[in-house]
Amino acid sequence: MTRVVILAGGVGGAKFTLGVRAALARGGDPEATVVVNTGDDLWLSGVRLQPDIDSVLYALAGQNDTQRGWGRAGDTERVNAELQAWGAGWPWFTLGDLDLGTHLARTGWLREGLSVTEVVARLSRRWPIGVRMLPMTDSEVDTHVLLARGDRMHFQEWWTRHRAALAPVAFENPGVQDAVPAPGVLEAIAEADVVLLAPSNPVVSIGPILAVPGVRDALRRAPRVVGVAGIIGGTVVRGMADVCLSAIGVDTRSDAVAAHYGARTAGGLLDAWVMAEEDAALAPAVQACGIHPVVAPLWMTDAATTEAVAQAALQA
Ligand code: FO1
């Protein structure tokens, strides 16, 4: 049996997880657990939103809006229009009707006393998603952005309202030092044959997962940790990850992100780094860090190429 753990953020993580699921389905008796970032989570209009959890859930269930990149396919916005008319929520942030069903179900269960892990398990039961999904932690450790102008705001406001245009100086997850990994996270990593870092935002998607005490140590004990670059040809594939990387002093280059995660042999995390063909010239720099570079096509444009990216990571 191949036991795989994926650390993932939203859209990129979801896509990559689809590829891993497809690749594993071809071999014997596979088992995959995806540990999802919850730093993007927030309370809005009285409901708890978990954008990355929902992106992974909807993608694995085939219910995601592939055009927009977030939310449910075929969603409508009647309730959202009412919320806007009441002046509730955020005028720049759309809550689809079907999506709101998820938020209401989740919030109700949380109010009844279920943990985030239990809620995610319930959400996972509706569709045959074929992967075990875990939140990184049960604690609320939402990501905040510290701005160069001196104030701070929730990551979602910075991302969706300001489109990352306000210069950030740091990202914080208040309280993360007291958080513990969600039940099952450390166990899944301990039992994994390989842990894959999805091509998600290294700062605000993978970063918060690694910040939960105990996760880094668990990864260092894992037999194999493989990262997949979310940069192709020196450009971030999606989102505004370059702004996040610059804020923490990391260049938007595949080798720089690999060095940011670090080589296991030098106290970091990675055994191998799957990097794009377009960045092949940087492979020696990755090797020089003590990380085994694997050069592969990384565009996840359809099911076949997405599976091939996952396959490259699994074989790295
Ligand atoms: N992203 C947007 O750019 N605009 C939105 O109005 C928006 C609404 C939204 C609602 C629910 C949800 O789960 C995600 C939503 N997103 C929206 C995506 C999300 O804000 C971010 O792209 C991710 O959190 C970054 O990974």
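Preceding this section is the structure that the text describes.
Every value quoted in this text rests on a predicted model; they were computed, and no experiment measured them.

Draft legend 1. Highlighting the site of the ligand. Taken together, the residues surrounding the ligand are Asp40, Pro51, Asp52, Trp70, Trp92, Phe93, Thr94, Asp99, Gln156, Trp159, Thr160 and Arg163. Separating an oxygen atom of the ligand from a side-chain N or O atom of tryptophan 159 is a distance of 3.4 Å. Here arginine 163 contributes a side-chain N or O atom positioned 2.7 Å from an oxygen atom of the ligand. For the ligand, whose accessible area on its own is 530 Å², the fraction buried by protein is 89%. Contributions of two or more residues to the shell around the ligand are made by helix 2 (51–61) and helix 6 (155–161). By residue number, the principal contributor to the shell around the ligand is helix 6, which donates three residues.

Draft legend 2. Just the side chain of glutamate 307, in detail. Among the structural elements, glutamate 307 can be located in helix 13 (residues 303–315). Beyond its immediate chain neighbours, meaning those up to four positions away, glutamate 307 contacts Gly19, Ala22, Ala23 and Arg26.

Draft legend 3. Inspection of the pairing of strand 14 (residues 292–296) at higher detail. Direction of pairing for strand 13 (residues 272–276) relative to strand 14: parallel, over a ladder of five bridges. Looking at strand 14, one finds that methionine 275 is bridged to valine 295. Each parallel crossover has a hand, and the one from strand 13 via helix 12 (residues 283–288) to strand 14 is right-handed.

Draft legend 4. Examining the packing of aromatic side chains more closely. Scanning all chains against the criterion turns up seven aromatic pairs. Their ring planes at 40° and their centres at 6.1 Å tell us that tryptophan 158 and tryptophan 159 sit as a pair that is tilted. The exposure class of tryptophan 159 is buried, given its relative accessible area of 18%. With 5.9 Å between their ring centres and 55° between their planes, tyrosine 261 and tryptophan 273 make a pair best called tilted. Highlighted residues: tyrosine 261 in helix 11 (residues 254–261) and tryptophan 273 in strand 13, separated in sequence by twelve residues. As far as burial versus exposure is concerned, tyrosine 261 and tryptophan 273 are alike and both buried. Feature note: the residues Phe155, Trp158, Trp159 and Phe171 constitute an aromatic cluster, connected by ring pairs. It is arginine 68 that lies over the ring of tryptophan 70; its NZ or CZ is 3.9 Å from the centre. Sitting over the face of the ring of tyrosine 58, arginine 72 holds its NZ or CZ atom 5.5 Å from the ring centroid.

Draft legend 5. Looking closely at the environment of alanine 222. Tracing the chain through its elements places alanine 222 in the loop between helix 9 (215–221) and strand 10 (225–228). Taking relative accessible area as the criterion, alanine 222 reaches 4% and is therefore assigned buried. Once the C-alpha coordinates of alanine 222 and proline 202 are considered, the two residues, 20 residues apart in sequence, prove to be 20 Å apart. Look past the residues within four positions of alanine 222 in its chain and what remains in contact with it is Ile189, Val195 and Arg264.

Analysis parameters
- Residues numbered from 1 in each chain as written.
- Predicted model: local features only at pLDDT ≥ 70, side-chain atom pairs only at ≥ 80, totals over all residues.
- Heavy atoms only, no water.
- Near = heavy atom within 4 Å.
- Polar contact = N/O pair within 3.5 Å; in protein donor to acceptor, adjacent residues only side chain to side chain.
- Areas by Shrake-Rupley, 256 points an atom, 1.4 Å probe, with all protein chains shown as cover.
- Helix = DSSP H or I, 4+ residues; strand = E, 2+ residues; numbered from the N terminus.
- Contact = heavy atoms within 4.5 Å.
- Pairing = 2+ DSSP bridges.
- Right-handed = clockwise from strand over helix to strand, strands pointing away.
- Phe/Tyr/Trp six-rings, centres within 6.5 Å; stacked < 30°, edge-to-face > 60°.
- Buried < 20%, exposed > 50% of the residue type's maximum accessible area, 1.4 Å probe, protein only.
- Lys NZ or Arg CZ within 6 Å of the ring centre and 35° of its normal.

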